[in-house]
Amino acid sequence: MTFTLPNLPYAYDALAPHMSKETLEFHHDKHHQAYVTNGNNAIKGTEFEGKSLEEIVKSSFGKNAAVFNNAGQHYNHMHFWNWMKPNGGGNKLPGRLQKKIDDDLGGLEKFKTDFAAAGASQFGSGWAWLTMKNGKLEVTKTANGENPLVHGGTPVLGVDVWEHSYYIDYRNRRPDYLKAFVDHLVNWEYVEQLFSKL
Ligand code: FE2
């Protein structure tokens, strides 16, 4: 497949003040665009041409760094834009998600704390995740462009902790960015959509 940059599902200024127009302009238009462009160049003429994005991510891991890094980040960012919405967050989760988080992770408040801690403690660039693996939800973290797909799980929520995701708005205060993400930005309806397919 050829990667294409999707439009943001909201206006560039829709997530302010928690994530600014300037951050989204750089993050979406420059960084995500670069993963799309570089990914397409890396895939051209290889065995990965013609595979789905998920297949490319899984099959290039550990084999072709240029393909994997860009395909992984394309996958991660396609979801990341949808994992946020204006007036997101909140304390009531849709569908079966609330009970599953209660059962597997000790409740929503504990999940928020653990998820933010995973993001804050990821050394260098990476992501924190809410992952479904072997029928259970778990909080994980990965470096760089890696995601749960290459560790036997499926991500239902993820937060980008690369500096490009927060440095304009929060400078070095990554924990403040993570708190704003869980309290005000998470699009739980999209998380439930992914969760309900598993
Ligand atoms: Fe990013």
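Residues numbered from 1 in each chain as written. Predicted model: local features only at pLDDT ≥ 70, side-chain atom pairs only at ≥ 80, totals over all residues. Heavy atoms only, no water.

**Focus: the nonpolar core**
For step 1, the next point in the chain: Grouped together as the largest cluster of nonpolar side chains are 44 residues, with contacts concentrated most on Phe-80, Leu-130, Leu-157, Phe-181 and Trp-188.
For step 2, the next point in the chain: The leading source of residues in this core is helix α7 (residues 174-185), at six residues.
For step 3, the next point in the chain: When we break this core down by domain, the ones giving at least three residues each are domain 1 (21-80) and domain 2 (95-196).
For step 4, the next point in the chain: Apart from residues lying up to four places away in sequence, Trp-188 is in contact with Gly-89, Gly-90, Leu-93, Pro-94, Leu-97, Ile-101, Leu-108, Phe-111, Leu-130 and Leu-157.
For step 5, the next point in the chain: Residues Val-36, Phe-68, Ala-71 and Tyr-75 belong to the second largest nonpolar core, which totals 14 residues. (Core = buried A, V, L, I, M, F, W, Y, C linked by side-chain atoms within 4.5 Å. Buried < 20%, exposed > 50% of the residue type's maximum accessible area, 1.4 Å probe, protein only. Helix = DSSP H or I, 4+ residues; strand = E, 2+ residues; numbered from the N terminus. Domains from an automatic or database assignment. Contact = heavy atoms within 4.5 Å.)

**Description of the domain arrangement of the protein chain**
For step 1, the next point in the chain: Splitting the protein chain by domain gives domain 1 (21-80) and domain 2 (95-196).
For step 2, the next point in the chain: Summarising the inter-unit geometry, the C-alpha centres of domain 1 and domain 2 are found 20 Å apart.
For step 3, the next point in the chain: At the interface, 18 residues of domain 1 touch 22 residues of domain 2.
For step 4, the next point in the chain: The largest share of the area that domain 1 buries against domain 2 comes from Thr-23, Asn-76 and Phe-80, three residues that together contribute 32% of it.
For step 5, the next point in the chain: Our count for the contact surface shared by domain 1 and domain 2 stands at zero salt bridges.
For step 6, the next point in the chain: At the boundary of domain 1 with domain 2, the tally comes to nine residue pairs in polar contact (both at pLDDT 80 or more).
For step 7, the next point in the chain: Elements with a minimum of two residues in the side of domain 1 that touches domain 2: α1 (21-43), α2 (53-60) and α3 (65-82).
For step 8, the next point in the chain: Here the side of domain 1 that touches domain 2 gets eight residues from one element, more than from any other, and that element is α3.
For step 9, the next point in the chain: Residues of the side of domain 1 that touches domain 2, tallied by class, amount to seven nonpolar, eight polar and three charged. (Buried area = accessible area lost by both parts, 1.4 Å probe. Salt bridge = Lys/Arg side-chain N within 4 Å of Asp/Glu carboxyl O. Polar contact = N/O pair within 3.5 Å; in protein donor to acceptor, adjacent residues only side chain to side chain. Nonpolar A, V, L, I, M, F, W, Y, C, P; charged D, E, K, R; others polar.)

**A closer look at α1**
For step 1, the next point in the chain: Across its 23 residues, α1 extends 31 Å between first and last C-alpha, which sits within 8% of the 33 Å expected from 1.5 Å per residue.
For step 2, the next point in the chain: The sharpest bend along α1 reaches about 25 degrees and sits at Gln-33.
For step 3, the next point in the chain: Within the sequence span of α1, burial applies to Thr-23, Leu-24, His-27, His-28, His-32, Tyr-35, Val-36, Gly-39, Asn-40, Ala-42 and Ile-43.
For step 4, the next point in the chain: The inward-facing, buried residues of α1 contact α2, α3, β3 (154-160) and α6 (167-170).
For step 5, the next point in the chain: Remark: Gly-45 follows α1 within two positions and exhibits a positive phi of approximately 75 degrees. (Expected span 1.5 Å × (residues − 1). Bend = angle between axes of the 7 residues up to and from the residue.)

**Brief notes about the side chain of His-79**
For step 1, the next point in the chain: The topology assignment puts His-79 in helix α3.
For step 2, the next point in the chain: Overall, the relative accessible area of 15% leaves His-79 in the buried class.
For step 3, the next point in the chain: The residues touching His-79, leaving out its near neighbours within four places in the chain, are Tyr-190 and Leu-194.

**What to know about the packing of aromatic side chains**
For step 1, the next point in the chain: Within the structure shown, the criterion is met by 14 aromatic pairs.
For step 2, the next point in the chain: Residues Phe-80 and Trp-81 carry aromatic rings whose centres are separated by 5.5 Å and whose planes lie at 55 degrees to one another, so their mutual orientation is tilted. Neither residue differs from the other here; Phe-80 and Trp-81 are each classed as buried.
For step 3, the next point in the chain: Their ring planes at 10 degrees and their centres at 6.1 Å tell us that Phe-80 and Phe-181 sit as a pair that is stacked. With a gap of 101 residues between them, Phe-80 in helix α3 and Phe-181 in helix α7 connect regions that are remote in the sequence. Comparing Phe-80 with Phe-181, the two get one shared label, buried.
For step 4, the next point in the chain: Among the aromatic side chains, those forming a connected cluster through ring pairs are Phe-80, Trp-81, Trp-83, Phe-111, Phe-115, Trp-127, Trp-129, Phe-181, Trp-188 and Tyr-190. (Phe/Tyr/Trp six-rings, centres within 6.5 Å; stacked < 30°, edge-to-face > 60°.)

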